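Residue-level structural notes
As a plain string of letters, each chain reads:
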Amino acid sequence: MTITNDIKYVGVNDHQVDLFEGQYVVPNGMAYNSYVIMDEKIAVMDTVDQNFTQEWLKNISDVLGSRKPDYLVVQHMEPDHSANVAQFMNAYPEATVVSSVKAFVMMKNFFGTDFADRQIVVGEGDTLSLGTHTLNFVAAPMVHWPEVIVTYDSTDKVLFSADGFGKFGALDANEDWACEARRYYIGIVGKYGAPVQALLKKAAALDIQTICPLHGPILTENLGYYLGLYNTWSSYGVESEGIVIAYTSVYGNTKKAVELLAEKLRAKGCPKVVVNDLARSDMAECVEDAFRYGKLVLATTTYNADIFPFMKEFINHLTERAFQNRTVALMENGSWAPMAAKVMKGMLAGCKNLSFTDTTVSIMSALNGSSEAQIDALADELI
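So, here's what we can say about the structure. Since the model is a prediction, treat every value here as computed from it, not as a measurement.

Right, let's talk about the packing of helix α6 (residues 193-204) against helix α7 (residues 223-234) for a bit. Running from N to C, α6 and α7 cross one another at 145 degrees; their axes reach a closest spacing of 9 Å. Handedness of the α6/α7 crossing: left-handed. Judged by residue contacts, G193, A194, V196, Q197 and L200 of α6 engage L227, Y230, N231 and S234 from α7. For the contact of α6 with α7, the class distribution of residues is five nonpolar, four polar and no charged.

Right under this line is the structure:
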């Protein structure tokens, strides 16, 4: 794949992986992106997953022909991008690896060497001339590891964005960008909104015409759309109007209450009502929905003087990712000592800018006139 006259794609598609990072379902696989910049000096941008060493090295060789690379730029040390650093340096013994000081510490940990006699340490504001092309390095700590740098080619106006603007799915998958990019961002980067905001401010000063991420498609058109979504996600803003109901139900009574609330919300004109059964839905999709919409209803049973495990897991995912700036409503069910609402509110106590509804629905075993009236009141309040 040709990105510009001088920049070529040498990454790989992975259709073998079932769980990315051991937890995210990826039915359409993953792309591990790597690029070559052809100039008087040649730079290879990042490596790929360890399962694709030979395919990746062949891709590089096919692009280079009789030439040899001068530099390997390592922007991020997570193994899906750095696993082949040592293999590359062995294959090209005259090459120099270019990365941040913290990345070289990680290389020593991963590979037993930091290539001390073949390294260039770069940081914020440093540049590297390849001839016609000049690489400008921008520090991006905690987006989403501390060693991360991104690279701007000021000649072709290309931003090599590391894990930023990445998505789940191989490059040959035909799917909506925003859906899988949102799930990727919220799941993997979501906690680090402030560092992403800082990086976006730096990016705003650059004339970017192409974004080359380490996962997902190369972005060349309507870049304002992608930058806008990243601004919304990283500032924990509301992307879409709607209400998410996340619930667990043991014998179906809490489910009936949730279905009644959803029916009333739709009847009152709510533009979007999303209902997620936490025991059966993909947890990452449920977390994505909670960050996408502005209002969240949590409905669960009291369980062992606590809350049902899937709800506890869900709330832990939210708090891990700095859930904030939302309206939250609580529904609880308990046959003799309902306390789920108290537990859920306590788990969310550390979250910023949460507004809890005045109405809390409390069900004693099954719906009755009193709890149905509470659901009516909650629907009115949410609308």
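Attention now goes to the sheet that holds strand β7 (residues 43-45). As summarised here, the arrangement of the six strands in space is β1-β6-β7-β8-β9-β10, forming an open sheet in which the pairing is mixed. Two strands lie at the open edges of the sheet, namely β1 (7-9) and β10 (119-121), each paired on one side alone. Across the sheet, the axes of successive neighbouring strands diverge by a mean angle of 20 degrees, strand direction being ignored. Pairing of strand β8 (residues 71-73) with strand β9 (residues 96-99), which is carried by three bridges, proceeds in the parallel orientation. What sits directly across from V73, in β9, is V98. Across the face of the sheet, helix α4 (residues 101-111) comes into contact with β9 and β10 while running at roughly 125 degrees to β9.

Take the pattern of salt bridges next. Going through the model one piece at a time under the given rule, you end up with 14 salt bridges. Residue D306 pairs with K312 through a salt bridge whose shortest N-O separation is 2.9 Å. With a relative accessible area of 23%, D306 lands in the partly exposed category. Through salt bridges with shared partners, a single ionic network connects E180, R183, D282 and E285.

Before going further, it helps to examine the layout of surface pockets. When its volume is computed, the largest pocket comes out at roughly 400 Å³. Lining the largest pocket are 18 residues, and of these T301, T302, G334, S335 and W336 sit closest to its centre. Listed by contribution, the elements that provide at least two residues to the lining of the largest pocket are α8 (253-267) and β18 (293-303). In this model, the second largest pocket occupies a volume close to 160 Å³. Here the lining of the second largest pocket is built from residues that sort into three nonpolar, four polar and five charged.

Definitions and limits used
Residues numbered from 1 in each chain as written. Predicted model: local features only at pLDDT ≥ 70, side-chain atom pairs only at ≥ 80, totals over all residues. Heavy atoms only, no water. Axes fitted to C-alpha atoms, helices over the stretch in contact; angles between N-to-C directions. Helix = DSSP H or I, 4+ residues; strand = E, 2+ residues; numbered from the N terminus. Left-handed = near helix turned anticlockwise from the far one by under 90°. Contact = heavy atoms within 4.5 Å. Nonpolar A, V, L, I, M, F, W, Y, C, P; charged D, E, K, R; others polar. Pairing = 2+ DSSP bridges. Salt bridge = Lys/Arg side-chain N within 4 Å of Asp/Glu carboxyl O. Buried < 20%, exposed > 50% of the residue type's maximum accessible area, 1.4 Å probe, protein only. 1 Å grid on protein atoms, 1.4 Å probe; cavity = no way out; pocket = protein on both sides within 12 Å on 5 of 7 lines; lining within 4 Å. Points joined across faces, edges and corners; volume = space filled by probe spheres on them.

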